[in-house]
Amino acid sequence: MEVTFFLAGERHLGRLARLDPDLDWREFQRGERIWVLQAYLRLARAGFPVRLAAVPPAVGLVVFHAKHERALLAAGGGRGGAVLVGIRADNRQPLAADFEILQNGRFADGRRRFALPHWPQPGLVPRDPARGARLVRAAYKGFDANLHLDLRGAGWRDFLAARGVEWVVDSAAFAGAATDELPLDWPDYRTLDLVVAVRPPERSLWRSKPASKLVNAWLAGVPALLGPEVAYRELRRSPLDYLEVASRAEAEAAVDRLRADPALYRAMVANGRERGAERTAEAVLPLWAELLLEELPARAAARRL
């Protein structure tokens, strides 16, 4: 069964099809491109029979982002014999989908809804190992609204400054279609010593998110302070995977703990190196290929018997 990745609203699919996610990482800051375009590119370059299209075919497997559901239906998607595979990402359930791809296992059932590992940050540059176990630069990478309010104020910054730690905010307000034009430097971890990513306390924000910030921290060789989210807890096997914090007070205690215990810092870095090997793009690729080229076509065929 042919697999087509449907991408709506893009004028130059030919140019996009020539991109390299790890070289052209600024082109991959929007969810639709991160999920759909990146998956297409990585599968295509590995030799799998996939195609990219702005018009959905009448047959085969059609992979689309939930934000493009209306565009897909308007373009005739689903009117023929095509099997629609919706990537929910941070959005509501795409009701037109025959199958769904989810960012974590919270709503996965292994029959119609499947959790797949998100791709790691394109073009990621790890921390310089010569920095050792020192902690003098801590950072948040993401969008403004996804950081706990208590970590946006002067109190948190002053706490870090009193300990000689610089607070780096590699963030911006979400800008929709213009996101790929924002001056963000998400792949660069070379001079960072700690990742901090704690969302606001509304639990609805936690349910559908991926474990990206944890995986990126592992691959970057940087310990992470993370909130109590489903995706992080799914991956957690050891206290060395990350330090869970839900408030500024807990984050402050964790910073002091890491500063006072260089052995813990080094152990978290070493552990992250091992765990990150499970979530590289090369490690994730076969999971996508198996689901899209084998399991879902087989399930779709069985449904029609």
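Residues numbered from 1 in each chain as written. Predicted model: local features only at pLDDT ≥ 70, side-chain atom pairs only at ≥ 80, totals over all residues. Heavy atoms only, no water.

Trainee: Whenever I open this one, the packing of helix 7 (residues 248–260) against helix 8 (residues 262–276) confuses me. Can you help?
Mentor: Geometry of a packed helix pair, given as the angle between the helix axes and the separation of the axes. In contact at an axis separation of 5 Å, helix 7 and helix 8 are set at 100 degrees when each is read in the N-to-C sense. Relative to helix 8, the element helix 7 lies roughly perpendicular. Facing Arg-257, Leu-258, Arg-259 and Ala-260 of helix 7, the residues of helix 8 in contact are Pro-262, Leu-264, Tyr-265 and Met-268. Among the residues forming the contact of helix 7 with helix 8, the class breakdown is six nonpolar, no polar and two charged. (Axes fitted to C-alpha atoms, helices over the stretch in contact; angles between N-to-C directions. Helix = DSSP H or I, 4+ residues; strand = E, 2+ residues; numbered from the N terminus. Parallel < 35°, antiparallel > 145°, perpendicular 65-115°, else oblique. Contact = heavy atoms within 4.5 Å. Nonpolar A, V, L, I, M, F, W, Y, C, P; charged D, E, K, R; others polar.)

Trainee: Hey, could you run me through the sheet that holds strand 9 (residues 194–197) in this one?
Mentor: Two pairing modes exist for strands in a sheet, parallel and antiparallel, and in both the strands are linked by backbone hydrogen bonds. Spatially, five strands are ordered 8-7-9-10-11 in an open sheet, and the strand pairing comes out parallel. Both outer strands of the open sheet, strand 8 (166–172) and strand 11 (243–244), are each paired with one neighbouring strand and no more. Here strand 7 (residues 137–143) pairs with strand 9 via two bridges, running parallel. By the bridge assignment for strand 9, Ala-139 is matched with Val-195. (Pairing = 2+ DSSP bridges.)

Trainee: I tried to follow the pattern of salt bridges on my own but got confused; where do I start?
Mentor: Scanning the entire structure with this criterion turns up 26 salt bridges. A salt bridge links Glu-100 to Arg-112, with the shortest nitrogen-to-oxygen separation between them at 3.1 Å. Of this pair, Glu-100 sits in strand 5 (residues 99–102) while Arg-112 sits in the loop between strand 5 and strand 6 (113–115), and the two are 12 residues apart along the sequence. This pair shows no difference in class: Glu-100 is buried, exactly as Arg-112 is. (Salt bridge = Lys/Arg side-chain N within 4 Å of Asp/Glu carboxyl O. Buried < 20%, exposed > 50% of the residue type's maximum accessible area, 1.4 Å probe, protein only.)

Trainee: Would you explain the packing of aromatic side chains in this entry?
Mentor: Any aromatic ring pair is given by two values, namely how distant the centres are and how the planes are angled relative to each other. Taken as a whole, this structure holds eight aromatic pairs when the rule is applied. Plain terms: the ring middles of Trp-119 and Trp-288 are 5.3 Å apart, the flat faces sit at 25 degrees to each other, and that makes the pair stacked. Of this pair, Trp-119 sits in the loop between strand 6 and strand 7 while Trp-288 sits in helix 9 (residues 281–304); the two residues are 169 residues apart in sequence, bridging distant segments of the chain. We classify Trp-119 as buried; its relative accessible area is 3%. These aromatic residues form a ring-pair network of at least three members: Trp-35, Trp-119 and Trp-288. For the cation-ring pair, Arg-236 lies above Tyr-242, with the distance from its terminal atom to the ring centre recorded as 4.3 Å. (Phe/Tyr/Trp six-rings, centres within 6.5 Å; stacked < 30°, edge-to-face > 60°. Lys NZ or Arg CZ within 6 Å of the ring centre and 35° of its normal.)

Trainee: Is there a simple way to explain the pairing of strand 5 in this structure?
Mentor: Every other side chain in a regular strand lies on the same face of the sheet, so the side chains alternate between the two faces. With burial as the criterion, each face of strand 5 is covered, one bearing Phe-99 and Ile-101 and the other bearing Glu-100 and Leu-102. Of the pairings in the sheet, the one linking strand 4 (residues 83–87) to strand 5 comprises three bridges and is parallel in character. Paired with Ile-87 across the two strands is Ile-101, which belongs to strand 5. Here strand 5 runs beside strand 6; their pairing, made up of three bridges, is parallel.

Trainee: Would you mind going over helix 4 (residues 154–161) with me for this structure?
Mentor: Residues lying three or four places apart along an α-helix face the same way, a consequence of the helix completing one turn every 3.6 residues. Along helix 4, the positions that sit buried rather than exposed are Trp-156, Phe-159 and Leu-160. One face of helix 4 carries all of its buried residues, which in axial projection span an arc of 95 degrees. Elements that come into contact with the buried residues of helix 4 comprise strand 8, strand 9 and helix 7. (Arc of directions from axis to C-beta.)

Trainee: Where do I start with the side chain of Arg-275 in this structure?
Mentor: As for its placement among the helices and strands, Arg-275 is situated in helix 8. Its relative accessible area of 6% is what places Arg-275 among the buried residues. Within the structure, the side chain of Arg-275 is placed 3.0 Å from the backbone oxygen of Leu-235, a separation counted as a polar contact. Excluding anything up to four places from it in sequence, Arg-275 contacts Trp-218, Leu-235, Arg-237 and Asp-241. (Polar contact = N/O pair within 3.5 Å; in protein donor to acceptor, adjacent residues only side chain to side chain.)

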